[in-house]
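# Fold and contact review
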Amino acid sequence: MLAIYQVTAPFFALILCGYLAARLRLLPENAVPALNTFVLYFALPCLLFRFSARTPFDEIVNLPVFFAYLVTGLVLFGAFAAAVRALAGESLRDAAFAALAASWSNWGYMGFALLPPILGKAALAPLIAAGMADLLVLVSLALALSALQDHHGADFGVALGGVLARVAKNPMIWAVIAGSAFSAAQLTLWPPADQLSRLLGEAAVPVALFTIGVSLYRPGTHVAHADVFLIAGAKLLAHPYLAALVAVFVFHLPQLEMRTLVLAAALPAAGTVFLFAERQGANAERIAAVILVSTALAFFSFSALCWAFGLRVGG
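The paragraphs below set out a description of the structure included in this document. Computed from a prediction, not measured in an experiment: that's the story for all the values here.

Tracing the backbone shows Leu-20 in helix α1 (residues 2–23). Classification of Leu-20 as partly exposed rests on a relative accessible area of 39%. Along the chain, Leu-20 and Ala-181 lie 161 residues apart, while their C-alpha atoms are 41 Å from each other.

Here it is in structure tokens:
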């Protein structure tokens, strides 16, 4: 267990550094949008492109992994949204974003940092394949359900079409597509462009983790609510457990791919859920609290899961 903490602690400490920097007012109030812009539009796409371009095409386009993670996410999303609607009587929009927070991991910012030191770099290919399931389907579904509330039962296809148009603008998706095309065609970048993409890609992990910490500091956020811990618990416990069941008993995935999906599911709620909830007029304060609680608790739950798997540094 100590060996696992030695791997995970520096990454979570970097998140803490960002949190303290925001809390101590060492950064301006508009730091989060600026940092997110750098990571989302520059650093992370370069990291994704470089890895996709250097990985065999069939490892990136891994349909069993894609559908295993998709089924996991859809089952948890659907069950959680239905339960929230039936038991708590919440609006369709709030139920959709609560379910999204319970089923969408922060794999983009944290997965690339935590999984390679534990499972080895071979885990990145299934991580990307799984992440595409979230970006292409799960997020689109949540946004479409939220949009339906505004249109009072308007055609689901129309709402989904508008959402897909926005999702298609996600630079992470296009980075994977471009990298996969380079891999399939066995192309290489012009050396100066390759050097630029390398510099930006190497900045992705530290800046992303620091940005998470900065974004977690939200004065006035109340975490002492049962629904916050219920959503965070579903994210950190139910999501990886369900991922293991689907990967092993439904898709019969190899051990590396199964462990990749389980550890990806064990990551805290994605910070982008808050941005979507805020824009759509949902209960964004609750989502912010879920992200804060799940990120803090993930240090212990994620490390404990690695220990339960008997994992060591490098897999």
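That covers the picture; the talk isn't over yet.
With respect to the helices, strands and loops of the structure, Lys-235 is situated in helix α11 (residues 226–250). For the buried Lys-235, which has no salt bridge, the nearest side chain bearing the opposite charge is Asp-134, at an N-O separation of 7.9 Å. Separated by 2.4 Å, the side chain of Lys-235 and the backbone oxygen of Ala-265 make a polar contact.

What follows deals with the layout of surface pockets. The computed volume of the largest pocket comes to approximately 1000 Å³. Contributing to the lining of the largest pocket are 41 residues, with Leu-40, Thr-272, Leu-275, Phe-276 and Arg-279 lying nearest its centre. Of all elements in the fold, only α2 (31–53), α6 (107–119), α7 (124–150), α8 (156–167), α9 (171–185), α10 (191–216), α13 (272–280) and α14 (284–308) reach the threshold of two or more residues within the lining of the largest pocket. When residues of the lining of the largest pocket are assigned to their parent elements, the largest contribution, seven residues, is made by α13. Taken together, the residues of the lining of the largest pocket sort by class into 23 nonpolar, 13 polar and five charged.

Time to look at the nonpolar core. Counting residues in each nonpolar core, the largest one holds 101 residues, and the members touching the most others are Phe-97, Trp-104, Trp-107 and Phe-302. Setting aside residues up to four positions removed in sequence, Phe-97 forms contacts with Leu-143, Ser-146, Val-273, Phe-276, Ala-277, Gln-280, Ala-282 and Ile-287.

This brings us to the packing of aromatic side chains. Going through the model one piece at a time under the given rule, you end up with eight aromatic pairs. On the basis of an interplanar angle of 50 degrees and a centroid distance of 6.3 Å, the ring pair of Trp-107 and Phe-112 is categorised as tilted. Given the relative accessible area of 2%, Trp-107 is considered buried. Aromatic rings pair up to connect Tyr-5, Phe-12, Phe-299 and Phe-300 into one cluster. The ring of Phe-274 has Arg-218 lying over it, and the distance from NZ or CZ to the ring centre is 3.7 Å. In this arrangement the basic side chain of Arg-259 is found over the ring face of Phe-309, its NZ or CZ atom lying 5.3 Å from the centre.

Cut-offs used in this document
- Residues numbered from 1 in each chain as written.
- Predicted model: local features only at pLDDT ≥ 70, side-chain atom pairs only at ≥ 80, totals over all residues.
- Heavy atoms only, no water.
- Helix = DSSP H or I, 4+ residues; strand = E, 2+ residues; numbered from the N terminus.
- Buried < 20%, exposed > 50% of the residue type's maximum accessible area, 1.4 Å probe, protein only.
- Lys, Arg positive; Asp, Glu negative; His and termini not counted.
- Salt bridge = Lys/Arg side-chain N within 4 Å of Asp/Glu carboxyl O.
- Polar contact = N/O pair within 3.5 Å; in protein donor to acceptor, adjacent residues only side chain to side chain.
- 1 Å grid on protein atoms, 1.4 Å probe; cavity = no way out; pocket = protein on both sides within 12 Å on 5 of 7 lines; lining within 4 Å.
- Points joined across faces, edges and corners; volume = space filled by probe spheres on them.
- Nonpolar A, V, L, I, M, F, W, Y, C, P; charged D, E, K, R; others polar.
- Core = buried A, V, L, I, M, F, W, Y, C linked by side-chain atoms within 4.5 Å.
- Contact = heavy atoms within 4.5 Å.
- Phe/Tyr/Trp six-rings, centres within 6.5 Å; stacked < 30°, edge-to-face > 60°.
- Lys NZ or Arg CZ within 6 Å of the ring centre and 35° of its normal.

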